[in-house]
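These are the residues of each chain, in order.
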Amino acid sequence: MTTQTETSVNDDLQGLIEIAQLATAARDAMSDEIVSRMAGTMSEGLILLDRLTRNEGLMKLLQVLDRQDSQNLLIAFSEAIHTTSQEIAAAPPAKGGVGCLMRVVRDPGTLEGIRFLTMLGKYMSKGLREQHRHGD
Amino acid sequence: MRILVVGGGTGGTIVANNLARRLSSETRNRKVRITMLSASDKHMYQPGLLYVAFGQMTPDELYRDQKSLLESSIDFYVDPVEKFHLDKNNVVTKSGKTHEYDILVIATGSRIVPEQIPGLSEGAETFYTEASAVQLFKRLRNFEGGKIAVVVGVPHKCPIAPVELIFSMHDYFKSRGIRDKVEIKYHYPIGRIHTIENVAKWAKPEFDRMGIEYETLFNVKEVDIANNVVRSEEETESHYDLLIAIPPHCGMEVIEDNNLGVGGWIPTDRHKLTMNGFDNVYVVGDTTNLPVSKTGSAAHFEAEVISENIASIIKIGTPVRDYDGKVYCFIETGHDSATYAMFNYKNPPDLKPSSQPMHWFKMAYNKMYWTSVRGLL
């Protein structure tokens, strides 16, 4: 008559046998080429990850993008790309000329956009000057 | 602080990359400048040559652009050094440019010198260069039977190479179904079949099992190409149909030309890894005269100590680590099994039974090497 303990031990052994069978099956399925390819991918992945995590510019960008206002900007930017591509596709070719330019400049949205780009340029050049001053 | 690394092999590259990582803020603030001078714009994974000799790798897999392996803060020039002025802290390169330094790392490596043994260059195959490894593969592939003699010159890079060659040949001919038609005879210069005693003890029964004939105390004197005979200094000789040599090695000519060390090996402090008499000159890898194996792994472990010490000297004014002679060698015991030998100045290797997972570890390392020289592993 099998005791409860014996049953438990048998179950454990069966579990171990199944794990061993799995390991054996994995080993049998492997080949030098598979190992080399996996190691090659892992090696390149590690190098890429290392480059990314040690890239100060990228890390700073990620920090900035963590902030809600930056995320709002990114969302707005994404939507703007989508809307622009749709409008450009539907709009007739621009006629050109001063009149056309005046109509564009009179549009409040375009003026907001120009202000945004001007501010971006101003702060970028200020930041670059700061970095050069500190020798970074 | 100007750090100059001369040589872009395993040791030099790891030192430069580790330093760039440890001193990233100092290099960014221009307080430290790291420069590497190398003879080539390519970096070769030299252990891969044995695989080329058996058709398991192709030569193009062994190379990367040196620049792609270096941290971006390292100034890299392909311009080998011709003059070392250690008393003036500068070197002069082939192009005539002078590079001043505060700390110098010499990592010029070693080279094969088969011409030291009459007839060896013309009469023996080897696998220590790309062309010779491809040539050896072609000879092995066309070999249909007969006697193969393996001879070993001293000193030589990678002490495990002779036994790995034997194991690989045994498996290669077995897989072609002609092992019974091939006689393999191994010749070794000292009184046992390997310089490391525990490797010799481990390899002997393996050789017996595989039917490898061996002759110890065989120092190659000359190769008689006309008669297919190799003779030893001990007045013995062996006939062959195919002769394979582990050629003798020397340090680089530039080291000898500048009187930095006899045979191109620089006298080096075994723990500090500085050149004897010069505290600001470090020596790494094959270039040292240390009593450790001339392998990539020794260069790797030495490079870690050197870079950590240079960085700590810059940061706190004193080195922090000693090199303990650590070496880790994979040993391919055939086409699908391997083991390893790990040892240092105090502890000899204790070899474990070979296994397929260890072989895969080695296969994986062949790819992970590039991660290793970047200073990540």
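Residues numbered from 1 in each chain as written. Chains lettered and ligands numbered in written order. Predicted model: local features only at pLDDT ≥ 70, side-chain atom pairs only at ≥ 80, totals over all residues.

Novice: Honestly, the overall build of chain B in this entry has me stumped. Any pointers?
Specialist: When you go through chain B residue by residue, the secondary structure sums to 11 helices and 22 strands. For a compact globule of 377 residues, the expected C-alpha radius of gyration is about 21 Å, and chain B comes in at 21 Å, within 12% of that figure. Along the longest, intermediate and shortest principal axes, the C-alpha atoms of chain B span 65 × 40 × 40 Å. When each of the 377 residues of chain B is scored for burial, the buried share is 47%. (Helix = DSSP H or I, 4+ residues; strand = E, 2+ residues; numbered from the N terminus. Rg over C-alpha atoms; globule rule 2.2 N^0.38 Å. Buried ≥ 20, exposed ≤ 12 C-beta atoms within 10 Å, placed from the backbone.)

Novice: I keep staring at the overall build of chain A and nothing clicks. Help me out?
Specialist: Each helix and strand in chain A was counted, giving six helices and zero strands. Against the globule reference of 14 Å for 136 residues, chain A gives a C-alpha radius of gyration of 31 Å, more extended than a compact globule. Reported as C-alpha extents along the three principal axes, the dimensions of chain A are approximately 100 × 50 × 40 Å. Taking all 136 residues of chain A together, 1% fall into the buried category.

Novice: It is not clear to me how helix 6 (residues 130-142) of chain B should be interpreted in this structure. Could you clarify?
Specialist: Given 3.6 residues per turn, any residue in an α-helix points the same way as the ones three and four places further on. All names here are of chain B. With 13 residues, helix 6 extends 19 Å from end C-alpha to end C-alpha; this agrees with the ideal 18 Å at 1.5 Å per step. All of the buried residues along helix 6 are Ser132, Ala133, Leu136, Phe137 and Leu140. All buried residues of helix 6 lie within an arc of 140° about the axis, which places them on one face of the element. Opposite the buried face of helix 6, by more than 90 degrees, sit the exposed residues Ala131, Lys138, Arg141 and Asn142. In this structure, the buried side of helix 6 is in contact with helix 3 (48-53), helix 7 (161-175) and strand 17 (242-246). (Expected span 1.5 Å × (residues − 1). Arc of directions from axis to C-beta. Contact = placed C-beta atoms within 7 Å.)

Novice: I keep staring at the interface of chain B and chain A and nothing clicks. Help me out?
Specialist: Interface size is commonly expressed as the accessible surface area that is lost when the partners come together. Taken together, the contact between chain B and chain A spans 14 residues of the former and 13 residues of the latter. By residue number, the principal contributor to the side of chain B that touches chain A is helix 11 (residues 356-373) of chain B, which donates nine residues. Looking at the side of chain B that touches chain A residue by residue, the class counts come to six nonpolar, four polar and four charged. (Nonpolar A, V, L, I, M, F, W, Y, C, P; charged D, E, K, R; others polar.)

Novice: Before we go on, may I ask you to explain the packing of helix 2 (residues 32-53) of chain A against helix 11 of chain B in this structure?
Specialist: Think of two packed helices as two axes; the pair is described by the angle between the axes and how far apart they sit. Orientation of helix 2 of chain A relative to helix 11 of chain B, taken along the N-to-C sense of each, is 25°, at an axis distance of 8 Å. By the criterion of interaxial angle, the relationship of helix 2 of chain A to helix 11 of chain B is roughly parallel. The handedness of the crossing between helix 2 of chain A and helix 11 of chain B comes out as right-handed. Residues Asp32, Val35, Ser36, Ala39, Gly40, Ser43, Leu46 and Ile47 of chain A of helix 2 of chain A form the contact with helix 11 of chain B, whose participating residues are Trp360, Met363, Ala364, Asn366, Lys367, Met368, Trp370 and Thr371 of chain B. (Axes fitted to C-alpha atoms, helices over the stretch in contact; angles between N-to-C directions. Parallel < 35°, antiparallel > 145°, perpendicular 65-115°, else oblique. Left-handed = near helix turned anticlockwise from the far one by under 90°.)

Novice: Explain the domain arrangement of chain B here, please?
Specialist: Residues and elements named next belong to chain B. Structurally, chain B comprises domain 1 (2-109 + 252-327) and domain 2 (114-246). Each of domain 1 and domain 2 has a C-alpha centre, and these two points are 32 Å apart. Facing 11 residues of domain 1, the contacting portion of domain 2 comprises 14 residues. Residues belonging to the side of domain 1 that touches domain 2 are distributed by class as follows: six nonpolar, three polar and two charged. (Domains from an automatic or database assignment.)

Novice: Looking at this structure, I do not really get the nonpolar core. What am I missing?
Specialist: The nonpolar side chains of a soluble globular protein tend to be buried with one another. All names here are of chain B. In terms of nonpolar packing, the biggest core is built from 112 residues, with Val6, Val15, Val105, Leu243 and Val284 touching the most fellow members. Per-element tally for this core: the top contributor is helix 10 (residues 296-316), with eight residues. Viewed by domain, this core spans two of them, domain 1 (2-109 + 252-327) and domain 2 (114-246), each represented by three or more residues. Discounting residues that sit within four places of it in the chain, Val284 has contacts with Gly11, Gly12, Val15, Val105, Ala107, Leu273, Ala299, Glu302, Ala303 and Ile306. (Core = buried A, V, L, I, M, F, W, Y, C linked by C-beta atoms within 7 Å.)

Novice: How should I be thinking about the sheet that holds strand 2 (residues 33-38) of chain B in this particular structure?
Specialist: Each strand in a sheet pairs with another by means of backbone hydrogen bonds, the pair being arranged parallel or else antiparallel. Residues and elements named next belong to chain B. The strand order 5-2-1-9-20-19 describes an open sheet built from six strands, whose pairing is mixed. One side of each edge strand has no neighbouring strand; the edge strands of this open sheet are strand 5 (74-78) and strand 19 (274-275). The sheet strands contacting helix 1 (residues 10-22) are strand 1 (2-6), strand 2, strand 5 and strand 9 (103-106), and the helix crosses strand 2 at an angle near 165°. (Pairing = 2+ DSSP bridges.)

Novice: Looking at this structure, how should I read the domain arrangement of chain A?
Specialist: Structurally, chain A comprises domain 1 (9-53) and domain 2 (93-136). Its C-alpha centre places domain 1 of chain A at a distance of 53 Å from the equivalent point of domain 2 of chain A.

Novice: Can you walk me through the confidence of the model for chain A in this structure?
Specialist: Low-pLDDT portions of the prediction should not be read for the details of their coordinates. Here chain A shows a mean pLDDT of 86. Residues at 70 or above account for 96%. Of all the helices and strands in chain A, helix 1 (residues 4-29) of chain A carries the lowest mean pLDDT, 84, while helix 4 (residues 68-90) of chain A carries the highest, 90. (pLDDT = per-residue confidence, 0-100.)

Novice: Can you walk me through the pairing of strand 22 (residues 338-343) of chain B in this structure?
Specialist: Walk down a regular strand and you will see the side chains alternate between the two sheet faces. Residues and elements named next belong to chain B. Summarising the sheet, strand 21 (residues 327-332) and strand 22 pair through six bridges and their orientation is antiparallel. Bridge pairing links Ile331 to Thr339 in strand 22. Between strand 21 and strand 22, which pair antiparallel in sequence order, lie five residues; one of them, Gly334, sits at a positive phi of approximately 155°.

Novice: I would appreciate a short explanation of the sheet that holds strand 14 (residues 220-224) of chain B in the present structure.
Specialist: Residue and element names in this part refer to chain B. Pairing within the open sheet is antiparallel, and its three strands lie in the order 14-15-16. Edge positions in the sheet fall to strand 14 and strand 16 (237-239), since each has one partner strand and no second. Sheet twist, expressed as the mean angle between neighbouring strand axes with direction ignored, is 20°. In this sheet, strand 16 lies alongside strand 15 (residues 229-232) in antiparallel orientation, the contact comprising three bridges. For Arg231, the partnering residue across the bridge sits in strand 16 and is Glu237.

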